[in-house]
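# Understanding the architecture of this molecule
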Amino acid sequence: MRHADFALLKFSLDFTTPCRVQPALFLDLGRLLRLTTRQITGRRTELFRSELSDDPVALRRYQKPSQAFVVRLPVLQEQQLDCGDVLELEVLFLGTGIPSIHVFLERLIHLGHLGLVGGQGQFEVAGVHNASQDQPGDAVWLPSDSCSNLSPAITPLGWWLETHLPQQSPLTLEFQSPTRLLVDGRPLRRPNFAQVFPFMLRRVTSMLHACCAIEPVIEPRLLLERAAEVDACSHGLRWHDWRPLANHRQVIGGFVGCMELSGPALDDILWVLAIATLFGLGKSASYGAGGMKLYVSELLLVDKVTL
């Protein structure tokens, strides 16, 4: 993990016109940002592209990589925003995504002129701040600055793991926003931990390979076997449908709820769980779906995108 870095930033959106937002709206954020890119440049930008690897072994081992950033849902329930309200949009940029943070900012500013919801919900980006725990609240950009003059705090993933891995169990893994995992084209509605872990492992290894050019796992079978030995029980696990957007007819959803995990096998796979809370899980994880938190008892130790 020595060559993997990330930046966790908070974009303050100051609304100048009202709108009503719901969590599912942010699943469409990628399309809106890509639209602003084409309007500004007439072409796509690398930040929003996910190219397949040229390595045939990597093509078999890893899933198609997603964008080099993860948006954390700023709202978990429907909410009315009025003029003067501020919404904090937290975004994690991983590896190759860090040099393109200014591109994300430029597109977000342009989207603010267009409006978040069908021309409504116009906003200004009032500032960008570090959201990492070691330097909370430090401003890295203000409206008077050029977008290219960003200086975010960079967090080494290896150091983050050393300081954030919980030292006791049992642990509670909470799925905060709908997590959509497909097996043979069918969604898992109330999965057990052994069914969920392979998706976490693929998400973590694929992101690290695509964005940081590292391969942290040589033999995934060993980790899968250890995951099957974890003592796990689910409580409050249920299916939740996203409310459909105006331009989407299909109602989609995923499971939410908690799993309690314990046992000696947990130590060997804990790093995968911790990193997965940073990256999210399942379909549309880059835009807020599949957000997780990891707890020891009542104490929150690792906090993913309140997604």
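All figures in this text were calculated on a predicted structure; none of them were measured in a lab.

How each quantity is defined
- Residues numbered from 1 in each chain as written.
- Predicted model: local features only at pLDDT ≥ 70, side-chain atom pairs only at ≥ 80, totals over all residues.
- Heavy atoms only, no water.
- 1 Å grid on protein atoms, 1.4 Å probe; cavity = no way out; pocket = protein on both sides within 12 Å on 5 of 7 lines; lining within 4 Å.
- Points joined across faces, edges and corners; volume = space filled by probe spheres on them.
- Nonpolar A, V, L, I, M, F, W, Y, C, P; charged D, E, K, R; others polar.
- Disulfide = S-S within 2.5 Å.
- Salt bridge = Lys/Arg side-chain N within 4 Å of Asp/Glu carboxyl O.
- Helix = DSSP H or I, 4+ residues; strand = E, 2+ residues; numbered from the N terminus.
- Core = buried A, V, L, I, M, F, W, Y, C linked by side-chain atoms within 4.5 Å.
- Buried < 20%, exposed > 50% of the residue type's maximum accessible area, 1.4 Å probe, protein only.
- Pairing = 2+ DSSP bridges.

## Focus on empty space enclosed by the protein
Unoccupied space between atoms shows up once a probe the size of one water molecule is rolled over them. Taken as a whole and judged by the stated rule, the model has 1 cavity of 30 Å³ or more. Put simply, the largest cavity is a space of about 30 Å³. Lining the largest cavity are Leu 13, Phe 26, Leu 29, Leu 89, Leu 108, Leu 116 and Phe 123. When its residues are assigned to classes, the lining of the largest cavity shows 7 nonpolar, no polar and no charged.

## Describing the state of the cysteines
Taken as a whole and assessed by the stated rule, the structure comprises 0 disulfides. The cysteine Cys 19 is free of any disulfide, with Cys 83 supplying the nearest cysteine sulfur at 9.7 Å.

## Observations concerning the pattern of salt bridges
The full count for this structure, using the stated rule, is 8 salt bridges. Here Arg 221 and Glu 225 are joined by a salt bridge, their closest N and O atoms 2.8 Å apart. Placement of the pair is Arg 221 and Glu 225 together in helix α6 (residues 220–228), with a separation of 4 residues, close to one helical turn. A salt bridge links Arg 226 to Glu 229, with the nearest nitrogen and oxygen atoms 2.5 Å apart.

## Comments concerning the nonpolar core
Ranked by internal contacts, the top residues of the largest apolar core, which has 51 residues, are Phe 175, Phe 193, Phe 197, Met 200, Ile 269 and Phe 279. One finds Val 91, Val 128, Trp 141 and Cys 147 within the second-largest nonpolar core, a separate group that totals 40 residues.

## Side note on the pairing of strand β13 (residues 253–262)
In terms of residue burial, β13 counts as a mostly covered element, since 8 of its 10 residues are buried. Both strand β9 (residues 171–179) and β13 contribute to a ladder of 6 bridges, which runs antiparallel. Looking at the pairing, Leu 173 lines up with Met 259 of β13.

## Structural notes on unusual backbone geometry
Here the residue pair Ser 169 and Pro 170 is connected by a cis peptide bond, since its omega of 10 degrees sits within 30 degrees of zero. In this fold, Pro 170 is placed in the loop between α4 (157–164) and β9. Of note, Asp 184 is a non-glycine position whose phi angle comes to about 55 degrees, a positive value. Examined against the element boundaries, Asp 184 turns out to sit in the loop between β10 (182–183) and β11 (186–187). Positive phi is not limited to glycine here, since Ser 284 has a value of about 65 degrees. Topologically, Ser 284 is positioned in the loop between α7 (266–279) and β14 (292–296). Judged by its relative accessible area of 26%, Ser 284 falls in the partly exposed class.

The analysis is restricted to geometry; functional conclusions fall outside its scope.
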